[in-house]
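# Results of the structural survey
The lines below spell out each chain.
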Amino acid sequence: MKTQRFALIGAGLFGERHAQAYSRSPYVDFAAVCDMRAERAEEIATTYGAGRATTDFRDVLADPTIDAVSIATPDHLHRELAVAAAEAGKHILVEKPLATTVEDAVAIDDAARANGVKLMVDFHNRVNPMMASAKQAIDRGDIGSPAYVYSRLSNTMAVATGMLSWASHSSALWFLASHTIDAVRWMLDDEVVRVYAVSRDKILRERGVPTADFHVATVEFASGTVAVFESAWILPDTHSTVKDLKLEILGDKGAVNIDGSHNRTLEIYTSERSSFPDLYAPPTGEHLTGFVLDAIAYFVDAVVFDKPVLATGEDGIEITRILCAIEDSVRAGMPVDLKPRTPPSLTQRTEMLPSHVSPLTAEELSSLATEQHRPDRADIDLLPTSELVRLMTRDDARVPEAVHAAADAIARAADVTAERLAAGGRLVYMGAGTAGRIGVLDASECVPTFNTRPGQVVGLIAGGPSAVTLPVEGAEDDEAMAVEHLEAIGLTARDVVCGIAASGRTPYAVAGVRHARALGAATIGISCSPDSALGRAADIAVEVVVGPEFITGSTRLKAGTAQKLVVNALSTATMVRLGKTYGNLMVDLQATNEKLRKRSHHIVALATGAESEQIDAALEAAGDEVKTAVHILLAGTTAEKARAALRTHGGSLRDALGEHAGR
């Protein structure tokens, strides 16, 4: 009998389902189980007959005899594992969702395509008998043309507060609505074009889990069908099932109703509670039973017999796009449109954009998130000043939350930037107008704050230095100028170029990022528009959707604030990684005036606890170098030896002092 070798990475509650499926399939030689918890890896390997257990996924991927892997780690940890698996030539089954950012989802799909391996996303409700039967009814025309869909899938609070240790990195939207939105998209064979959503985060936060209590999203499909998706993690723990699943599809000739949780096929009553056990999903015998295991069997068939996968990487990308748009809508408090997406080839993905950014029509301009009009602010010129300011500051209060939602992308950008700067590269900001000025400002502040060498952080603005204080007409549309500016500073592959544009499509910023990427430089795109041209052009997209401006189109307001917060986080995290701080103390500042000299004295006092006279002596011996003075006092050494220790450890005071804290 034909068999191939499969392995499991991530042996949690759902990972165990994969182990069950592999152990029961006659076509699988279950080779290995990997989990960061050694005892858990050993337990699952022993229970389900895997060949070995390990805590290092690299051991699994380095084994040339393993043909395919399941990745069943927490939602936000898929990218590194999946890309590495593809590069190792392994076929991949990834638990849903494929990823929690579009950037990560595309990277996984690109890696699978580039290495010629199969990629399946485990949207197992596609083989749920209830969902499959509903699709068959729709395909037969039993209900005519679907007009309205209502979907609800929720869990008891125990899922977020007890079952999932990583719940704060996810939400019911990602954990549950990824299932229902995929199932409905698949049943309707239709694409989502617009979402509008609301959410709240009080109940779980009060219980120590900082994530959303629920999301409610109204979703429009290209055909005109409208759907409402509810997902919550706050059902009471006394609920008769761990989940509440309902689905209703109304057509012009009939309807489909699904009760996936309270169908009362089996009812159990004890002296304490009643329950309706799920008879569809779990395995009940030694053979493959239940649609959850059946979905994994589809992956086995795809690998062993070269059959199609149940859900492709493109399906995974699309669901991630929809869920990200829902989160964007919650933050912006407005609908978010999703442009139709034609799956590009791998070559097209590396190019990302046409060679020229075409001018926007008036209609296209008004469709940008940063340009949309708010009718509820149409009378601000009639308001008292106090009310005007209150309304504006209330709008501004949403910005930090939107920036926080992009924290993972900012962190990736900071890690890449720190790596390049440590190797002698530079961080180069590029933008036009407000965005360009923000880059110039951040670059200029890095020298006094972090003692960066001149030219290590650079700000380029469309129109040149004079555009910092005076507008230069037409400069933002000049793509050739962007290339000229980068050539003038001698851009190399060691550098990082960060394009900034509120709209995400300013030609100067996009062209600069494209040119830099072609040279091999690392690239970052910061914008306030979802799925932007700038984000697609860059290696790392930081897209902070803050919604329409208080004054229509004035992107110096919320968009400008968001961009400033992003570059603050990017440059600060980069400098912390480079050892430019000691804890949260600015030990690399340049004391160029009396205020900064007093600040230097205060910082040394905080770092060492030394007396004022000792601090003055150390700073004098160190030539006002704060790092050197701190090392003198804490290590009990001379200025010369302190400087030598700092040079040896790349300027890191903590490392020079032998305080090796984990990062």
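In this text the structure is predicted, and so the values were computed from the model without any measurement. The residue count restarts for each chain, going from 1 along the sequence in the order it is written. It should be noted that, the model being predicted, local features are given only for residues of pLDDT at least 70 and side-chain atom pairs only at 80 or more, the latter also being counted only at that level, while totals for whole chains, interfaces and linings use all residues. The basis for the side-chain values is all heavy atoms of the structure; hydrogens and waters are excluded.

## Quick word on the overall build of the protein chain
Strands are runs of DSSP state E lasting at least 2 residues, helices are runs of H or I lasting at least 4, and numbering of each runs from the N terminus. Counting its secondary structure elements, the protein chain contains 26 helices and 20 strands. Expected size for 663 residues packed as a compact globule is a radius of gyration near 26 Å; at 28 Å, the protein chain falls within 12% of this value. Across its three principal directions, the C-alpha atoms of the protein chain cover 80 × 65 × 55 Å. Buried means the residue's accessible area, taken with a 1.4 Å probe over protein chains only, is under 20% of the maximum for its type, while exposed means over 50%, and partly exposed covers the values in between. Counting over 663 residues, the protein chain shows a buried share of 52%. By definition, residues are in contact when any of their heavy atoms lie within 4.5 Å. Within the protein chain, counting contacts between residues at least 6 apart in sequence, those at least 24 apart form 68% of the total. Here the protein chain displays about 28,900 Å² of accessible surface, and carbon together with sulfur accounts for 53% of that area. Computed over 64 positive and 87 negative side-chain charges, the separation of the two mean positions in the protein chain equals 2 Å. As defined in this context, the radius of gyration uses C-alpha atoms, and a globule is described by 2.2 Å times the residue total to the power 0.38. For the area figures, the Shrake-Rupley method with a 1.4 Å probe applies, and any residue is considered shielded solely by the protein chains shown. Counting rule for charge: Lys and Arg are taken as positive, Asp and Glu as negative, and neither His nor the chain ends is counted. To locate a charge, take NZ of a lysine, CZ of an arginine, CG of an aspartate or CD of a glutamate.

## Considerations on the packing of helix α23 (residues 612-621) against helix α24 (residues 626-635)
Note on geometry: axes are lines fitted to C-alpha atoms, helical ones only across the stretch in contact, with angles between N-to-C directions running from 0 to 180 degrees. Between α23 and α24, the shortest axis-to-axis distance is 8 Å and the interhelical angle comes to 125°. Considering their axes alone, α23 and α24 lie oblique with respect to each other. The interaxial crossing formed by α23 with α24 has right-handed handedness. Contact with α23, carried on its side by Q614, I615, A618, L619 and A621, involves V626, A629, I632 and L633 of α24 and no other residues of that element. Classes in brief: Ala, Val, Leu, Ile, Met, Phe, Trp, Tyr, Cys and Pro nonpolar; Asp, Glu, Lys and Arg charged; the others, Gly included, polar. Here the residues of the contact of α23 with α24 are counted per class, giving eight nonpolar, one polar and no charged. Throughout, the term roughly parallel applies to angles under 35 degrees, roughly antiparallel to angles over 145, roughly perpendicular to angles from 65 to 115, and oblique to all others. By convention the crossing between two helices is left-handed if the near helix lies anticlockwise of the far one by an angle smaller than a right angle, and right-handed if it lies clockwise.

## Notes on the pairing of strand β1 (residues 4-9)
Along any regular strand the residues' side chains alternate between the sheet's two faces. A large share of β1 lies buried, amounting to five of its six residues. Seen with the strands pointing away from the viewer, any crossover whose path from the first strand over the helix to the second strand runs clockwise is right-handed. Once the chain exits β1 it traverses helix α1 (residues 13-24) before rejoining the sheet at strand β2 (residues 28-34), and the crossover so formed is right-handed. Pairing between two strands requires that DSSP report at least two bridges joining them. In this structure, β1 lies alongside strand β4 (residues 68-71), joined through four bridges in parallel fashion. What sits directly across from I9, in β4, is I71.

## Looking at the environment of D442
Summarising the element assignment, D442 is placed in helix α17 (residues 433-450). When the C-alpha atoms of D442 and M187 are compared, they prove to be 49 Å apart, with 255 residues separating the residues in sequence. When neighbours within four sequence positions are excluded, D442 is seen to be in contact with Y429, V567, N568 and S571. Two N or O atoms form a polar contact when they lie within 3.5 Å of each other; inside protein one atom must be a possible hydrogen donor and the other a possible acceptor, and for residues adjacent in sequence the pair counts only when both atoms belong to side chains. Among the polar contacts listed, one links the side chain of D442 to the side chain of Y429, at a separation of 2.7 Å. Of note is the side chain of D442, whose polar atom sits 3.0 Å from the side chain of S571.

## Section: a negative patch on the surface
To count toward a patch, a residue needs a relative accessible area above 30% and no salt bridge. Like charges then connect within 9 Å, nonpolar side chains (Val, Leu, Ile, Met, Phe, Trp, Tyr) within 5 Å. Salt bridges are defined as contacts in which a side-chain nitrogen from Lys or Arg sits within 4 Å of a carboxyl oxygen from Asp or Glu. A cluster of like negative charges, contributed by E611, E613, D616, E620 and D624, occupies part of the molecular surface. Its location among the elements puts D616 in helix α23. Among the residues examined, D616 registers a relative accessible area of 40% and is labelled partly exposed.

## Notes on the pattern of salt bridges
Considering all chains together, one arrives at 37 salt bridges under this definition. The shortest N-O distance in the salt bridge between K627 and D588 comes to 3.0 Å. In this pair, K627 sits in helix α24 while D588 sits in the loop between α21 (558-577) and α22 (594-608), placing the two residues 39 residues apart along the sequence. Here K627 matches D588 in class, with each residue buried. Among the salt bridges present, the one from E594 reaches R597, with a minimum N-O distance of 3.4 Å.

## Digging into the sheet that holds strand β9 (residues 214-221)
The seven strands lie next to each other as β12-β11-β7-β10-β9-β8-β15, forming an open sheet whose pairing is mixed. Two strands close off the open sheet at either side, each with one partner strand: β12 (255-259) and β15 (336-337). Of the pairings in the sheet, the one linking strand β8 (residues 192-200) to β15 comprises two bridges and is antiparallel in character. Of the residues in β15, the one forming a bridge with V195 is V336.

## Comments concerning helix α6 (residues 129-140)
By this rule, a helix spans an expected 1.5 Å times one less than how many residues it contains. Taking 1.5 Å per residue as the helical rise, α6 with its twelve residues ought to reach 16 Å, and the 16 Å between its terminal C-alpha atoms agrees with that figure. Those residues of α6 not exposed but buried are M130, M131, A132, A134, K135, A137 and I138. In this fold, the buried residues of α6 make contact with β7 (146-156), α8 (172-188), β11 (243-251) and β12. Two residues or fewer past α6, G141 is found with a positive phi of approximately 85°.

## Considerations on the packing of aromatic side chains
Classification of ring pairs rests on two measures: the distance between centres of Phe, Tyr or Trp rings, Trp counted by its six-membered ring, which must be within 6.5 Å, and the angle between planes, read as stacked under 30 degrees, edge-to-face over 60 and tilted in between. All told, the structure shown has six aromatic pairs when counted by the stated rule. A centroid spacing of 4.9 Å and a plane angle of 85° characterise the contact between Y27 and F305, whose relative ring orientation is edge-to-face. Here the residue Y27 occupies a position in the loop between α1 and β2, and F305 occupies one in helix α10 (residues 291-305), the gap between them amounting to 278 residues. Judged by its relative accessible area of 27%, Y27 falls in the partly exposed class. With a relative accessible area of 36%, F305 lands in the partly exposed category. Members of the aromatic cluster, each reached through a chain of ring pairs, are F6, Y22, F30 and F299. Either the NZ atom of lysine or the CZ atom of arginine qualifies as a charge over a ring when it sits within 6 Å of the ring centre and within 35 degrees of the ring normal. Cation over ring: K135 sits above W186, and NZ or CZ is 5.3 Å from the ring centre.

## Examining the environment of E230
Along the chain, E230 falls in strand β10 (residues 226-235). Owing to a relative accessible area of 24%, E230 belongs among the partly exposed residues under this scheme. In this structure, the C-alpha to C-alpha distance between E230 and D244, residues 14 residues apart in sequence, is 10 Å. What E230 contacts, discounting residues up to four positions off in sequence, is Y150, S151, R152, L153, H215 and V216.

## Structural notes on the nonpolar core
Buried residues of nine kinds, namely Ala, Val, Leu, Ile, Met, Phe, Trp, Tyr and Cys, make up a nonpolar core once their side-chain atoms join them within 4.5 Å. V69, M187, V195, W233 and I326 are the most contacted members of the largest nonpolar core, which totals 82 residues. Among the elements that line this core, the one with the most residues is α8, at twelve residues. If we skip the residues at most four places from it in the chain, M187 touches M131, A134, K135, I138, D139, L247 and I249. With 37 residues, the next largest nonpolar core counts I500, A502, I526 and V566 among its residues.

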